[in-house]
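The chain contents come next:
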Amino acid sequence: MAATYDFPSDLRAGQEELHQVRAELSALLKRLPWSVEPLDGFSDDNGWRKVERPASPGWTEDEQAEVEKLRRREHELAVFVSTHRYWTELTGTDRVHARSALKHAREAAEESP
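Residues numbered from 1 in each chain as written. Predicted model: local features only at pLDDT ≥ 70, side-chain atom pairs only at ≥ 80, totals over all residues. Heavy atoms only, no water.

The chain has the name Nucleic acid-binding protein in an unreviewed UniProt entry, where Streptomyces tendae is given as its organism.

With respect to the helices and strands, the residue S56 is situated in the loop between β2 (51–53) and α2 (61–82). S56 gets classed as buried once you look at its relative accessible area, which sits at 6%. In this structure the side chain of S56 is engaged in a polar contact, spanning 3.2 Å, whose partner is the backbone oxygen of S35. Sequence-distant contacts of S56, that is, excluding residues within four places in its chain, are made with P33, W34, S35, E37, P38 and L39. (Helix = DSSP H or I, 4+ residues; strand = E, 2+ residues; numbered from the N terminus. Buried < 20%, exposed > 50% of the residue type's maximum accessible area, 1.4 Å probe, protein only. Polar contact = N/O pair within 3.5 Å; in protein donor to acceptor, adjacent residues only side chain to side chain. Contact = heavy atoms within 4.5 Å.)

Applying the stated criterion to the full structure yields seven salt bridges. The closest approach of N and O atoms between E74 and R22, which form a salt bridge, is 2.9 Å. Here E74 is found in helix α2, whereas its partner R22 is found in helix α1 (residues 9–31), with 52 residues between them in sequence. A salt bridge links E68 to R72, with the shortest nitrogen-to-oxygen separation between them at 3.5 Å. (Salt bridge = Lys/Arg side-chain N within 4 Å of Asp/Glu carboxyl O.)

In contact at an axis separation of 9 Å, α1 and α2 are set at 150 degrees when each is read in the N-to-C sense. As judged from the angle between their axes, α1 and α2 are roughly antiparallel. Crossing angle aside, the handedness with which α1 passes α2 is left-handed. Between α1, through D10, L11, G14, Q15, E17, L18, V21, R22, E24, L25, L28 and L29, and α2, the contact on the second element is made entirely by E66, V67, L70, R71, R73, E74, L77, A78, F80 and V81. In terms of residue class, the contact of α1 with α2 is built from 12 nonpolar, two polar and eight charged. (Axes fitted to C-alpha atoms, helices over the stretch in contact; angles between N-to-C directions. Parallel < 35°, antiparallel > 145°, perpendicular 65-115°, else oblique. Left-handed = near helix turned anticlockwise from the far one by under 90°. Nonpolar A, V, L, I, M, F, W, Y, C, P; charged D, E, K, R; others polar.)

This next bit is on the packing of α1 against helix α3 (residues 92–103). In the contact formed by α1 and α3, the axes pass within 10 Å of each other and the chain directions differ by 60 degrees. Between α1 and α3, the interaxial angle falls into the category oblique. For the pair formed by α1 and α3, the contact residues are L11, R12, Q15 and H19 on the first element and R99, L102 and K103 on the second. Of the residues in the contact of α1 with α3, the class split is two nonpolar, two polar and three charged.

Here the focus is a nonpolar patch on the surface. Nonpolar side chains collect at one region of the surface, where W34, L39 and F42 lie side by side and expose about 270 Å² of accessible area between them. Position of L39 among the secondary structure elements: in the loop between α1 and β1 (42–44). Owing to a relative accessible area of 41%, L39 belongs among the partly exposed residues under this scheme. (Patch = residues over 30% accessible without salt bridge, like charges linked within 9 Å, V, L, I, M, F, W, Y side chains within 5 Å. Areas by Shrake-Rupley, 256 points an atom, 1.4 Å probe, with all protein chains shown as cover.)

With that settled, consider the environment of E52. Turning to its location among the elements, E52 is positioned in strand β2. Taking C-alpha positions, E52 is 41 Å from A13, a pair spaced 39 residues apart along the chain. Not counting residues within four places of it along the chain, the set of residues in contact with E52 comprises F42 and S43. Separated by 3.4 Å, the side chains of E52 and S43 make a polar contact.

This is the structure we're talking about:
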């Protein structure tokens, strides 16, 4: 049976927000044009596979600001979670397993009754 960990509430909240911010950022980047700057489209079939991109109007200043805001928050949360004082209580493989358990704590909570 897998070990269970008693994560502090602030650490759980930080990890959960990190998941949410990453999901928001990923969804935003999928909606935005492929290029930040306006660029012409291109087609290249000289490589091992053909690559095609339509013309890109680029990102607006608001879109760039939103991406930057989410990336900054993602970085803040990643630093908070990875340097949390809780990790000093664990050593070696226990720390590795606990970190993995925290990353998947939401999934585990959804699966349990």
